[in-house]
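Chain by chain, the residues run as shown.
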Amino acid sequence: MRHVAIIGSGPAGYYTAEACQKTFGDAVRIDIIDRLPVPFGLIRSGVAPDHQSIKHVSRRYEAVALTDNVRFVGNVTIGDQISIEELLGLYDAVVLATGAPADRPLDIPGAELPGVVGSAAFVGWYNGHPDHAALAPVLDGPGAVVIGNGNVALDVARILAKTEAEFAASDIVAHALDALRGHAINRVTILGRRGPHQIAMTPKELGELGHLERAIPRVDAADFPPIEDDTALDPGQRKSVALLRGFAEAAKAKPIEILFDFFARPVAIEGESRAERVIVERTRLTADGAAEGTGETYAVPAGLVVSCIGYRTSPIPGVPFDTRAGRFANDEGRIAPGLYAVGWARRGPTGTIGTNRPDGFLIAEHLAKDLPDDSGKAGRPGLDALLATHGVDVVTFRDWQLIDKAEIDRARDGAPREKFTSIETLLGARGG
Ligand code: NAP
């Protein structure tokens, strides 16, 4: 028997469990440990609430979770209640699938002003993540700035622009819907430090901006290179750029403008006691495709600034960390004997949910090579004994099913669920 502990119950964690099941069959026992009392990581608290079709992948993880050789152990923080050393003593392999939950710091003057938030916090707020539910972002408008040209920037801009009716079939939490209902924002400026050809946005997500009820995307036609240059792009990027070119032609006025400001690098945020404006420097591309400042600056008025410039993995005591890359130091997923990393914790915050599937199989291949058939380690009973000595209130997958049902039962008309947003209410919902 092989005993595997996976830390983190998001896509990387469940795909790794699935890969281990396929590789070892009945000869493996897997514990998926999460610091939250709920599973599925980014599926629950990162994927946008109006992207329900993406969230359906959790059904696949549920099928893995309900097998005999996989167990969910929620409400347990590794590195705090239990150390990595203790886990390595109990399991043949410990796989870190903890994602990248922290914002990359926006390192400019004024980034600490009220009104400036990172996307981890803002996305966590509208998704009801217990760490961020109390954020209360400033939404008194009229301007908001979103920094970054990735899909998270698109999510944030779209959430700010949608009407209440457009959230009908979503699982946006009530506190966010209430706050967004009355907001006074009429211009969302998306700052990209490079140009339309360098965006990290995908066509489906970009296309959604063109179909919003009360908002219209705008792009300055002067920002594009000659149209012949688009042929050198890969097909997905060409499609995205074609959508942007379409936005540049849109003349119709709507109450909210989503303005793509390319070649625009934020250099400071200013305001008396809160964010009032972002100081932006015009850029140009260098020969190797980087952004270079031109020295020309201007101000974009904004009471809310959401920085969507990528994420970092949170370090765990005793685990080697690559500070520059913002993830665990690893060689193709191997960190140290018995210790592995997978998903964003291994390779940084890139790719789609599905990218984590081959990642999980890579780790299962490593385990097949590295682990003895039977080391005699304690595995599950050992963890249970340790948790009992620490007095930890463990949440099981059965408990999650009760929380799940309670959230579905209290949903608004048409909404798939109404999430509990604090650890206490989540734990309370196990009572049925
Ligand atoms: P991302 O795709 O890496 O985009 C980050 C953006 O921030 C880039 O445009 C980058 O510009 C910019 N940036 C970085 N540092 C900056 C700075 N100091 N100042 C100004 N701009 C800066 O990251 P993400 O949007 O957080 O997304 C993370 C991953 O999740 C991606 O793989 C994304 O596709 C995925 N995701 C997918 C979906 C979906 O499929 N629906 C939704 C959300 C997220 P440069 O290119 O110039 O560095």
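To be clear, the structure that these remarks concern was listed above.
Overview of the structure. Just so we're clear, the structure is a prediction, and the values are computed from it rather than from any experiment.

1. Some thoughts on the overall build of the chain
Within the chain, the secondary structure is distributed over 15 helices and 19 strands. Expressed along its principal axes, the backbone C-alpha trace of the chain runs to roughly 65 × 50 × 40 Å. In the chain, buried positions account for 54% of the 432 residues. For the chain, long-range pairs separated by at least 24 residues make up 74% of all intrachain contacts whose partners lie at least 6 apart in sequence. Per element, the accessible surface of the chain, about 17,900 Å² overall, is 53% carbon and sulfur.

2. A closer look at empty space enclosed by the protein
Here the structure, examined in full by the defined rule, presents one cavity of 30 Å³ or more. For the largest cavity, the calculated volume is near 50 Å³. Leu36, Val38, Pro39, Gly41, Arg44, Ser45, Gly128, His129 and Pro130 are the residues that line the largest cavity. Residue composition of the lining of the largest cavity, grouped by class: four nonpolar, four polar and one charged.

3. Some remarks on the packing of aromatic side chains
Here a ring pair, both rings aromatic, is described through the centre-centre distance and the interplanar angle of the planes. As enumerated under the stated definition, the model contains 13 aromatic pairs in all. Taken together, a centroid distance of 5.7 Å and an interplanar angle of 10° make the contact between Tyr14 and Tyr61 stacked. Taken as a pair, Tyr14 in helix H1 (residues 11-24) and Tyr61 in helix H4 (residues 58-65) lie far apart in primary sequence, 47 residues in all. For the pair Tyr311 and Trp344, a centre-to-centre distance of 6.0 Å together with 20° between the ring planes defines the contact as stacked. Of this pair, Tyr311 sits in strand S15 (residues 311-312) while Trp344 sits in helix H11 (residues 344-347); the two residues are 33 residues apart in sequence, bridging distant segments of the chain. Through a chain of ring-to-ring contacts, three or more aromatic side chains come together here, namely Tyr14, Tyr15, Phe40, Tyr61, Phe72, Phe397 and Trp400.

4. Some details on the pattern of salt bridges
What the rule picks out here adds up to 39 salt bridges. We note a salt bridge from Arg282 to Asp261, for which the minimum N-O separation is 3.2 Å. Residue Arg282 is located in strand S12 (residues 277-285), and its partner Asp261 is located in strand S10 (residues 256-261); the two are separated by 21 residues in the primary sequence. The class of Arg282 is partly exposed, set by a relative accessible area of 23%. Two residues, Arg265 and Glu281, come together in a salt bridge whose shortest N-O distance is 2.9 Å. Residue Arg265 is found in strand S11 (residues 264-270), and its partner Glu281 is found in strand S12; the two are separated by 16 residues along the sequence. Among the residues examined, Arg265 registers a relative accessible area of 28% and is labelled partly exposed. Residue classification places Glu281 among the buried residues on the basis of a relative accessible area of 12%. Each member of the salt-bridge network shares a partner with another, and the members are Asp50, Asp155, Arg158, Lys162, Lys204, Glu205 and Glu208.

5. Let's talk about the site of the ligand
In the vicinity of the ligand, 20 residues are found, and the nearest of them are Asn149, Arg193, Arg194, Glu205 and Gly351. For the ligand, an oxygen atom lies 2.7 Å from a polar atom in the side chain of Arg193. Within the side chain of Glu205, a nitrogen or oxygen atom sits 2.9 Å from a nitrogen atom of the ligand. It is helix H7 (residues 151-161) that provides the largest number of residues to the shell around the ligand, a total of three residues. Split into classes, the residues belonging to the shell around the ligand amount to eight nonpolar, seven polar and five charged.

6. Focus: the sheet that holds strand S6 (residues 116-118)
If you trace the six strands from one edge of the open sheet to the other, you get S6-S14-S7-S8-S10-S9, paired in parallel fashion. Of all strands in the sheet, those bounded by a partner on one side alone are S6 and strand S9 (215-219). Ignoring strand direction, the axes of neighbouring strands in this sheet form an average angle of 20°. With five bridges joining them, strand S7 (residues 143-147) and strand S8 (residues 187-191) adopt parallel strand pairing. For Ala144, the partnering residue across the bridge sits in S8 and is Val188. On the sheet, H7 packs against S7, S8, S9, S10 and strand S14 (304-307) and is oriented at approximately 160° with respect to S10.

7. Quick word on the nonpolar core
Among the nonpolar cores identified, the biggest contains 44 residues, and Leu160 and Phe260 are the most heavily contacted of them. With seven residues, H7 is the single largest residue contributor to this core. Setting aside residues up to four positions removed in sequence, Phe260 forms contacts with Leu154, Ile190, Met201, Leu206, Leu209, Pro217, Arg218, Val219, Leu244 and Phe247.

8. Here we look at H4
For H4, the set of buried residues is Ser58, Tyr61, Glu62, Val64 and Ala65. An end-on view of H4 places all buried positions within 160° of arc, on one side of the element.

9. What to know about helix H10 (residues 235-249)
Because the α-helix completes a turn every 3.6 residues, residues three or four places apart line up on one side. Over its 15 residues, H10 extends 21 Å from the first C-alpha to the last, a length consistent with the 21 Å expected when each residue adds 1.5 Å. For H10, the full list of buried residues reads Gln237, Ser240, Val241, Leu244, Arg245 and Phe247. Relative to the axis of H10, the buried residues are bounded by an arc of 155° and lie together on one face. Of the residues in H10, the exposed ones pointing more than 90 degrees away from the buried face are Pro235, Lys239 and Glu249. Against helix H9 (203-208), S9 and S10 lie the buried residues of H10. One side-chain oxygen at the N-terminal end of H10 lies 3.0 Å from the backbone nitrogen of Gly236; it belongs to Asp234.

Reading the values: rules and limits
Residues numbered from 1 in each chain as written. Predicted model: local features only at pLDDT ≥ 70, side-chain atom pairs only at ≥ 80, totals over all residues. Heavy atoms only, no water. Helix = DSSP H or I, 4+ residues; strand = E, 2+ residues; numbered from the N terminus. Buried < 20%, exposed > 50% of the residue type's maximum accessible area, 1.4 Å probe, protein only. Contact = heavy atoms within 4.5 Å. Areas by Shrake-Rupley, 256 points an atom, 1.4 Å probe, with all protein chains shown as cover. 1 Å grid on protein atoms, 1.4 Å probe; cavity = no way out; pocket = protein on both sides within 12 Å on 5 of 7 lines; lining within 4 Å. Points joined across faces, edges and corners; volume = space filled by probe spheres on them. Nonpolar A, V, L, I, M, F, W, Y, C, P; charged D, E, K, R; others polar. Phe/Tyr/Trp six-rings, centres within 6.5 Å; stacked < 30°, edge-to-face > 60°. Salt bridge = Lys/Arg side-chain N within 4 Å of Asp/Glu carboxyl O. Near = heavy atom within 4 Å. Polar contact = N/O pair within 3.5 Å; in protein donor to acceptor, adjacent residues only side chain to side chain. Pairing = 2+ DSSP bridges. Axes fitted to C-alpha atoms, helices over the stretch in contact; angles between N-to-C directions. Core = buried A, V, L, I, M, F, W, Y, C linked by side-chain atoms within 4.5 Å. Arc of directions from axis to C-beta. Expected span 1.5 Å × (residues − 1).

Function-wise, these values are silent; they only describe arrangement.
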